[in-house]
Amino acid sequence: MSATPLKVAVLASGRGSNLAALLAARDRGELPVDFVLVGSDKASAHALQLAKAAGIATLALSPRNYPDRRSFDLDLLACIAASGAEILVLAGFMRVLDGEALAPWIGRVINIHPSLLPKYRGLHTHRRALEAGDREHGASVHYVTAELDGGPLIAQARITVHPDDDEDTLAQRLLPLEHRLLPTVLSLMASRRLRWSDDGALLDGQPLRTPLALGEHGLHLP
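Residues numbered from 1 in each chain as written. Predicted model: local features only at pLDDT ≥ 70, side-chain atom pairs only at ≥ 80, totals over all residues. Heavy atoms only, no water.

**Regarding the overall build of the protein chain**
In terms of helices and strands, the protein chain carries six helices and 12 strands. The C-alpha radius of gyration computed for the protein chain amounts to 17 Å, which stays within 12% of the reference 17 Å derived for 222 residues, consistent with globular compactness. Looking at the protein chain as a whole, 47% of its 222 residues are labelled buried. When contacts within the protein chain are restricted to residue pairs at least 6 apart in sequence, those whose partners lie at least 24 apart make up 63%. Accessible surface for the protein chain amounts to roughly 10,700 Å². Of this, 50% is attributable to carbon and sulfur atoms. (Helix = DSSP H or I, 4+ residues; strand = E, 2+ residues; numbered from the N terminus. Rg over C-alpha atoms; globule rule 2.2 N^0.38 Å. Buried < 20%, exposed > 50% of the residue type's maximum accessible area, 1.4 Å probe, protein only. Contact = heavy atoms within 4.5 Å. Areas by Shrake-Rupley, 256 points an atom, 1.4 Å probe, with all protein chains shown as cover.)

**Regarding the pattern of salt bridges**
All chains considered together, the criterion is met by 12 salt bridges. Across the pair Arg 28 and Glu 30 runs a salt bridge, and its minimum N-O distance is 3.0 Å. Relative accessible area serves as the criterion here: at 53%, Arg 28 is assigned to the exposed category. When salt bridges with common partners are traced through the structure, they connect Arg 70, Asp 98 and Glu 100 into a single cluster. (Salt bridge = Lys/Arg side-chain N within 4 Å of Asp/Glu carboxyl O.)

**Some remarks on the side chain of Glu 178**
For Glu 178, the position within the fold is in helix α6 (residues 167-190). Arg 15 provides the closest opposite charge to the buried, unpaired Glu 178, separated from it by 7.0 Å. A polar side-chain atom of Glu 178 sits 3.4 Å from a polar atom in the side chain of Asn 18. (Lys, Arg positive; Asp, Glu negative; His and termini not counted. Polar contact = N/O pair within 3.5 Å; in protein donor to acceptor, adjacent residues only side chain to side chain.)

**Overview of helix α3 (residues 69-82)**
Between its first and last C-alpha, α3 extends 20 Å over 14 residues, near the 20 Å set by a 1.5 Å rise per residue. Residues of α3 that are buried include every one of Phe 72, Asp 73, Leu 76, Leu 77 and Ile 80, and no others. For α3, the angular spread of the buried residues around the axis is 120°, confining them to a single face. (Expected span 1.5 Å × (residues − 1). Arc of directions from axis to C-beta.)

**A few points about the packing of helix α1 (residues 17-27) against helix α2 (residues 46-53)**
One can describe the packing of α1 onto α2 by two numbers: an axis separation of 9 Å at closest approach and a directional angle of 20°. The angle between α1 and α2 places the two elements in the roughly parallel class. Relative to α2, the crossing made by α1 is right-handed. For the pair α1 and α2, contact is made by Leu 19, Ala 20 and Leu 23 and by Ala 47, Leu 50 and Ala 51, respectively. Its residues assigned to classes, the contact of α1 with α2 comprises six nonpolar, no polar and no charged. (Axes fitted to C-alpha atoms, helices over the stretch in contact; angles between N-to-C directions. Parallel < 35°, antiparallel > 145°, perpendicular 65-115°, else oblique. Left-handed = near helix turned anticlockwise from the far one by under 90°. Nonpolar A, V, L, I, M, F, W, Y, C, P; charged D, E, K, R; others polar.)

**Some words on the packing of α1 against α6**
In the contact formed by α1 and α6, the axes pass within 9 Å of each other and the chain directions differ by 55°. Between α1 and α6, the angle is such that the two are oblique. Both α1 and α6 take part in a crossing whose hand is right-handed. Residues Ser 17, Asn 18, Ala 21, Leu 22 and Ala 25 of α1 form the contact with α6, whose own contacting residues are Leu 175, Glu 178, His 179, Leu 182, Pro 183 and Leu 186. Residue composition of the contact of α1 with α6, grouped by class: seven nonpolar, three polar and one charged.

As structure tokens, this is what we get:
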């Protein structure tokens, strides 16, 4: 493991529960990273308050102050680059990043998404899983590309869909697994075991043919 902590920026649009999980994992000594910036497209996002309480620099930019999405994204990612971040984590960031703005960051951005990708890209994933009659649901961490929720998969967590589940119960049961999944994946990046390649994710130099699976005691590694 590298002696130098990985410098990480986080983007979040809401309550910041995944950010809180990342901070808790760091504080437990499980995540050797240095959080250099937490940014949001909403000044009211609770994630920013969490970051301030943890002594992390924050950034709030409003898309309404820009003529178009590309201009906003270019400025946002320029601010993240200026922070010194090596890796960007999208933790409940509810915007699609422009491809031109994202291009210099390809291979250095990960996202957590509440579905078993490639199923249910985009919004309302719990509802769509229920409407489809799925027996299994879950969350995925993937590398971010210009394709919506379409970058190479890294790891997934799965839950059984109960007959009496609704959107709220499904979301509530999945969230604790999200809170384990994202820090575990970021820890692999921090230890330099997980890397990007043009052919997809590499773990210890070997291609990940299928996503890593989160089990009771962590990820099932090949």
